[in-house]
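If you want the building blocks of each chain, they are given just below.
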Amino acid sequence: MKHRIKRSLMPFGALLPTWLAVVLVYIGAMVWTLRLSFTNSRIFPTDHYVGFAQYEKLLSSSKWMAAAGNLVVFGVLYIAGCLVIGFLLAAALDRQVRFESLFRTIFLYPYAMSFVVTGLIWQWLMNPLLGVQASVQAWGWSGFSFDLLSSRELAIYGVVIAGVWQGAGLVMVMMLAGMRGIDTEQWRAARIDGIPVWRTYVSVVLPQLGPALAAVSTILTMGVIKTYDLVVAITNGGPGTATEVPAKFIMDNLFQRQNLGLATAAAVMLLMSVLIVVAPFRFVSSMRARRKAGVL
Amino acid sequence: MQSAVSVKDLKIAYGSTVVLQNINLEIAPREFLVLLGASGCGKSTLLNAIAGLTDIADGEVWIEGRNVTWAEPKDRGIGMVFQSYALYPRMSVRKNLGFGLRVAGLPKAEIAARANRAAEMLHLTPLLDRRPAELSGGQRQRVAIGRALVRQVDVFLFDEPLSNLDAKLRNELRVEIKKLHQDLGNTMIYVTHDQVEAMTLADRIAIMKDGVIQQLAAPAEIYHRPANLFVAGFIGAPAMNFIEGQIVARGAGHAFVAGGLDLDLAGYQGAPLPGPATLGFRPEHLMPEAGGGPAIEGTVSVVEPMGADTVVWFSHEGQSHSLRLMGDTGLRPRDPLRAGIDITRANLFGADGTRL
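Residues numbered from 1 in each chain as written. Chains lettered and ligands numbered in written order. Predicted model: local features only at pLDDT ≥ 70, side-chain atom pairs only at ≥ 80, totals over all residues. Heavy atoms only, no water.

Let us look at the UniProt feature "domain: ABC transporter" (unreviewed entry) in chain B. When the UniProt feature table is mapped to this numbering, "domain: ABC transporter" (unreviewed entry) covers residues 5-235 of chain B. For the annotated span residues 5-235 of chain B, helix accounts for 37% and strand for 26% of the residues, and the straight-line distance between the end C-alpha atoms is 25 Å. (UniProt positions renumbered as here; feature names shortened; annotations may be inferred. Helix = DSSP H or I, 4+ residues; strand = E, 2+ residues; numbered from the N terminus.)

Written out as structure tokens, the structure reads:
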């Protein structure tokens, strides 16, 4: 009996440092942030509680609202773009093309780059004086315009393009792995049934990629919420607040505007929005897992 | 009469590796043809070529009087059943049955009617709204057969459809396939490595080895008069017994001589020629306690009672042979045995392996 207790203590002991780190660093930081968001801290934390004043200020800030709106636009287009283009790339490589591994490497390569590098590359590409627009105009199509970043309405789409360029490769790799797991006899059966290739991908292959799709969507969603360096490198939030995003708003208020209270309130808002989005999914999947296990 | 399926001078090669060459097959309407062989003999490749799933290097495939060599699989008038069932996993049984028809643009009522009829024939009606994952292996394979059925085609192709099932289900479904063939009267081409399936289902069996059809004949013919040593050894369990020896001319006829065995070949069904030869005889064609006739003598080594019959293994001049007896036997290991050979049912193979 004593021996068994000792045995069960061992893994606990091994996990203790990690647990301490989780509790102190993650949860501790979260609680600390939550506390600061109710104070009027400026450059240093204070103990002067002001209730929800920082939140009221936040919600009446046009910059924050613009950032939140941009996050939604960017998030939807970025995830949809990555999924669609990644799936198309995977389907293209799945057709047993030559030099498949070479193409796979090329398509995945952008994902290996930091957002800052991606941002800089696309800033140059979309620069009207030296990028794509200048090249195409030099070839003779003088009316060609590819100048997203200087327009208030279009700049966010420029950021989306850069983001999709980087993220689609990851989707492709995950989808391709999923496609390779599909029994080849299903393809042969579909050919006998006379189902066109595109239809087989949509109706037979895609529904079987559920787990891969869920995994890659989670990764992309986390990327969206963290989006900071990409925007800083391409547009630095501009023109105006056209590409402002919440993470950048938080960083600006933390380190440049010396407004800890507002920054932490914004961080808490961001966390809440993540919870609101993620919680239902987690709930559904845990319910499904329980039902599978026969508990319900 | 026009053939339902005919394969003419078919050649299939992957790069420079020739898998099949000079394959000719004429399959009559309503015939059940089984392609039988060990794995890698080219039988599945041949089936895929008929289905249009494999590119062929040379030759032609005709189905129902049409040259379909270059036609898409869906335009060949075939239905196919696969070893892994190949059902669409995220669709219900009903959708699996109807998907091809829906894509082909058939009216909804027609699709539903066909799916219901197929489900009824295959006893799938209560399962129509289930997903493949919620079905047993046998049920899944019935759905796969149903998917071929709703296409209302004349030719069914089966690619080892029972290999993924356990022995009991395999037997059940085998009988169902045979019944289905009797009810529908379709032409069926069936690939298997299981000789029991081949023997029980086939009107004719094509035994293949290394991309060559060794013998194409009715099961009884293949069993009793195998065209060569390979076929003789492949069909039958336990396998046919072989004794190597010489055929010598004796008087007006011939005799087979091997060690102490001397067999007069007067009753042999075939044309023996003098020279080296192999004598083959099936375990059930040996008669223990033979009277004065030709017989081989040996010592019992193992007795395998199987219920309905018993297989007795004995050694004769250093070689192991088997003998099948109906019911039980009093023989025990190390008992002496004298087994008579029925020359009218024996087979002789020449030096090149073909039957004499």
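Moving on, we get to the pattern of salt bridges. All names here are of chain A. Counted by the stated rule, this structure contains 21 salt bridges over all chains. A salt bridge links R188 to E185, with the shortest nitrogen-to-oxygen separation between them at 3.3 Å. One end of the pair is R188 and the other is E185, both in helix 8 (residues 184-193) and three residues apart, which spans about a single turn. Just as R188 is buried, E185 falls in that class too. (Salt bridge = Lys/Arg side-chain N within 4 Å of Asp/Glu carboxyl O. Buried < 20%, exposed > 50% of the residue type's maximum accessible area, 1.4 Å probe, protein only.)

How big an interface is tends to be stated in terms of accessible area lost as the parts join. Chain B puts 27 residues into the contact, and the matching count from chain A is 17 residues. For the pairing of chain B and chain A, the buried interface totals around 1,800 Å² over both sides, and the portion due to carbon and sulfur atoms is 59%. Area buried by chain B at its contact with chain A is led by L53, Y88 and V103 of chain B, which between them contribute 26% of it. Scanning the region where chain B abuts chain A turns up two salt bridges. As a salt-bridge pair, D193 of chain A and R151 of chain B come within 4.0 Å of each other at their nearest N and O atoms. Counting across the interface, chain B meets chain A through eight residue pairs in polar contact (both at pLDDT 80 or more). Of all the elements in the fold, those that place two or more residues in the side of chain B that touches chain A are helix 1 (43-51), strand 6 (78-81) and helix 2 (93-104) of chain B. Considering each element in turn, the side of chain B that touches chain A owes the most residues, four residues, to helix 2 of chain B. Counted by class, the side of chain B that touches chain A contains 14 nonpolar, six polar and seven charged residues. (Contact = heavy atoms within 4.5 Å. Buried area = accessible area lost by both parts, 1.4 Å probe. Polar contact = N/O pair within 3.5 Å; in protein donor to acceptor, adjacent residues only side chain to side chain. Nonpolar A, V, L, I, M, F, W, Y, C, P; charged D, E, K, R; others polar.)

This next bit is on the UniProt feature "transmembrane region" (unreviewed entry) in chain A. The sites that carry the UniProt feature "transmembrane region" (unreviewed entry) are, in the present numbering, residues 12-34, 71-93, 105-125, 154-179, 200-225 and 260-284 of chain A. Annotated as residues 105-125 of chain A, this span is 90% helix and 0% strand, and its ends, taken at the C-alpha atoms, are 22 Å apart.

Here the focus is the pairing of strand 9 (residues 204-209) of chain B. Residue and element names in this part refer to chain B. Relative to strand 9, strand 3 (residues 32-36) runs parallel, the two being bridged by four bridges. When the bridges of strand 9 are listed, L33 appears paired with R204. Where strand 9 lies against strand 10 (residues 212-217), five bridges are found, and the strand directions are antiparallel. Across the sheet, residue M208 finds its bridge partner in strand 10, namely I213. With antiparallel pairing between neighbouring strands as the criterion, strand 9 and strand 10 make up a hairpin whose turn holds two residues, including D210 at a positive phi of roughly 50°. (Pairing = 2+ DSSP bridges.)

All names here are of chain B. Viewed as axis vectors pointing N to C, helix 4 (residues 137-149) and helix 5 (residues 167-184) meet at an angle of 20°, and their least axial separation amounts to 11 Å. On the basis of the axis angle, helix 4 is roughly parallel to helix 5. Considering only the axes of helix 4 and helix 5, their crossing is right-handed. For the pair helix 4 and helix 5, contact is made by G138, Q141, R142, I145 and L149 and by L169, L173, E176, I177, L180 and L184, respectively. Looking at the contact of helix 4 with helix 5, its residues break down into seven nonpolar, two polar and two charged. (Axes fitted to C-alpha atoms, helices over the stretch in contact; angles between N-to-C directions. Parallel < 35°, antiparallel > 145°, perpendicular 65-115°, else oblique. Left-handed = near helix turned anticlockwise from the far one by under 90°.)

Let us look at the nonpolar core. A general trend in soluble globular proteins is that nonpolar side chains are found buried together. Within the largest apolar cluster, 47 residues are counted, with the highest numbers of intra-cluster contacts made by F74, Y78, M175, M179, Y201 and V205 of chain A. Broken down by secondary-structure element, the contributors of at least two residues to this core are helix 3 (62-94), helix 7 (155-180), helix 9 (197-208), helix 10 (210-226), helix 11 (229-234), helix 12 (246-256) and helix 13 (260-293) of chain A. At 11 residues, the largest contribution of residues to this core is made by helix 7 of chain A. Look past the residues within four positions of Y201 of chain A in its chain and what remains in contact with it is F87, A91, D94, R95, M179, W187, L206 and P207 of chain A. Counting 44 residues, the second-largest nonpolar core is a separate cluster that includes I177, A198, I205 and I207 of chain B. (Core = buried A, V, L, I, M, F, W, Y, C linked by side-chain atoms within 4.5 Å.)

As enumerated under the stated definition, the model contains 16 aromatic pairs over all chains in all. Relative to F249 of chain A, the ring of W64 of chain A lies with its centre 5.2 Å away and its plane at 65°, an arrangement referred to as edge-to-face. Of this pair, W64 of chain A sits in helix 3 while F249 of chain A is found in helix 12, placing the two residues 185 residues apart along the sequence. Side by side, W64 of chain A and F249 of chain A carry an identical accessibility label, which is buried. With a centroid separation of 5.5 Å and 80° between ring planes, the pair formed by Y88 of chain B and F99 of chain B is classed as edge-to-face. With Y88 of chain B in the loop between strand 6 and helix 2 and F99 of chain B in helix 2, the pair connects residues that are 11 residues apart, well separated along the chain. Residue Y88 of chain B is classed as buried on the basis of its relative accessible area, which comes to 1%. Judged by relative accessible area, which is 0%, F99 of chain B ranks as buried. Linked through ring pairs, F32, F156, F158 and Y190 of chain B together constitute an aromatic cluster. It is R95 of chain A that lies over the ring of W187 of chain A; its NZ or CZ is 5.0 Å from the centre. Over the aromatic face of Y223 of chain B sits the side chain of R282 of chain B, whose NZ or CZ is 4.0 Å from the ring centroid. (Phe/Tyr/Trp six-rings, centres within 6.5 Å; stacked < 30°, edge-to-face > 60°. Lys NZ or Arg CZ within 6 Å of the ring centre and 35° of its normal.)

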